[in-house]
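Take a look at the letters that make up each chain.
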Amino acid sequence: MEIQERIKMMGLIPVVVIDNAQDAVPLANALCGGRLPCAEITFRTEAAEQSIRAIRTSFPDMLVGAGTVLTAAQVDRACDAGAQFIVSPGLNPQTVEYCLKKNIPIFPGISSASDIEIALSLGITTVKFFPAEQAGGLPLIQALASPFPQIRFIPTGGITRTNLAAYLSYEKVIGCGGSWLVKSDMIRAQRFDDIRAAADDACNIVAACRSGKTKP
């Protein structure tokens, strides 16, 4: 199954900042226990690379990507650790082309029509919409989708359990990136039961939305 299809099936990618790699496996266990076997480990800390490796070793069936990837060197580090996809906050053509040459799925960040035109010129049709709420939210996604019907979006930034269903109700959104599920202070405090509960709750929202029981 392609990465995009797995993301669409789950509907949500927990966006994670890990300060201590020792917390990676307990975190992954909590997410899997909450029916959300997926994580985007951001390259904002020195623990990112080791955390990805630890999770992929202990949970080989879990979908793990690397986020906040800015350079080709970070792409190599992430993929060597086992990352299955790359996410960047913006659209750097050099990074995108590097990933494509290595056959690594990448979801670059966009927030405008010009960004989308660049993405399409590089052969990218699934993009991260960032920062989602601050950039204009679902209305802007819908406006951008009109002239670019081939584009699919992964909104990230300001997504919460309150607005998740509204985003997922739009057919051009394959999934959302969410940091509210795994806040850094929750990890530091070892509140893995809370993370598991949050993941389970989010999965219920996704299921309700997919079944048509939840409307925006």
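For the structure given in this document, a descriptive report is provided here. (Residues numbered from 1 in each chain as written. Predicted model: local features only at pLDDT ≥ 70, side-chain atom pairs only at ≥ 80, totals over all residues. Heavy atoms only, no water.)

**A closer look at the sheet that holds strand S7 (residues 126–129)**
Taken together, the three strands give an open sheet; going across it, the order is S6-S7-S8, and neighbouring strands pair in parallel fashion. Two strands bound the open sheet, and with one partner strand each, they are strand S6 (109–110) and strand S8 (152–155). Bridge analysis of S6 against S7 gives two bridges, and the strand direction is parallel. Across the sheet, Ile 110 pairs through a bridge with Phe 129, a residue of S7. (Pairing = 2+ DSSP bridges. Helix = DSSP H or I, 4+ residues; strand = E, 2+ residues; numbered from the N terminus.)

**Overview of the packing of aromatic side chains**
Counted by the stated rule, this structure contains two aromatic pairs. Between Phe 85 and Phe 107, the aromatic rings sit 5.9 Å apart at their centres with planes inclined by 55°, giving tilted as the arrangement. In this pair, Phe 85 sits in strand S4 (residues 85–87) while Phe 107 sits in strand S5 (residues 106–107), placing the two residues 22 residues apart along the sequence. Like Phe 85, the residue Phe 107 is buried in the burial classification. In this structure, Lys 128 is placed above the aromatic ring of Phe 130, and the distance from its NZ or CZ to the ring centre is 4.4 Å. (Phe/Tyr/Trp six-rings, centres within 6.5 Å; stacked < 30°, edge-to-face > 60°. Buried < 20%, exposed > 50% of the residue type's maximum accessible area, 1.4 Å probe, protein only. Lys NZ or Arg CZ within 6 Å of the ring centre and 35° of its normal.)

**Focus: helix H5 (residues 93–101)**
Those residues of H5 that fall on the buried side of the exposure criterion are Thr 95, Val 96 and Cys 99. Down the axis, H5 shows its buried residues gathered within 100° of arc, on one side only. Away from its buried face by more than 90 degrees, H5 exposes Gln 94 and Lys 101. Where the residues of H5 are buried, they touch helix H4 (72–81), S4 and S5. Immediately downstream of H5, the backbone of Asn 103 shows phi near 60°, a positive value. (Arc of directions from axis to C-beta. Contact = heavy atoms within 4.5 Å.)

**Observations concerning unusual backbone geometry**
Residue Pro 131 is reached from Phe 130 by a cis peptide bond, and omega for that bond is -10°. Within the fold, Pro 131 resides in the loop between S7 and helix H7 (132–135). Phi is positive for Arg 35, which is not a glycine, with a value near 70°. Relative to the helices and strands, Arg 35 resides in the loop between helix H2 (24–33) and strand S2 (38–42). Look at Gln 190: it is not a glycine, yet its phi comes out positive at around 60°. When you line up the elements, Gln 190 lands in the loop between helix H10 (184–188) and helix H11 (192–210). Relative accessible area serves as the criterion here: at 45%, Gln 190 is assigned to the partly exposed category.

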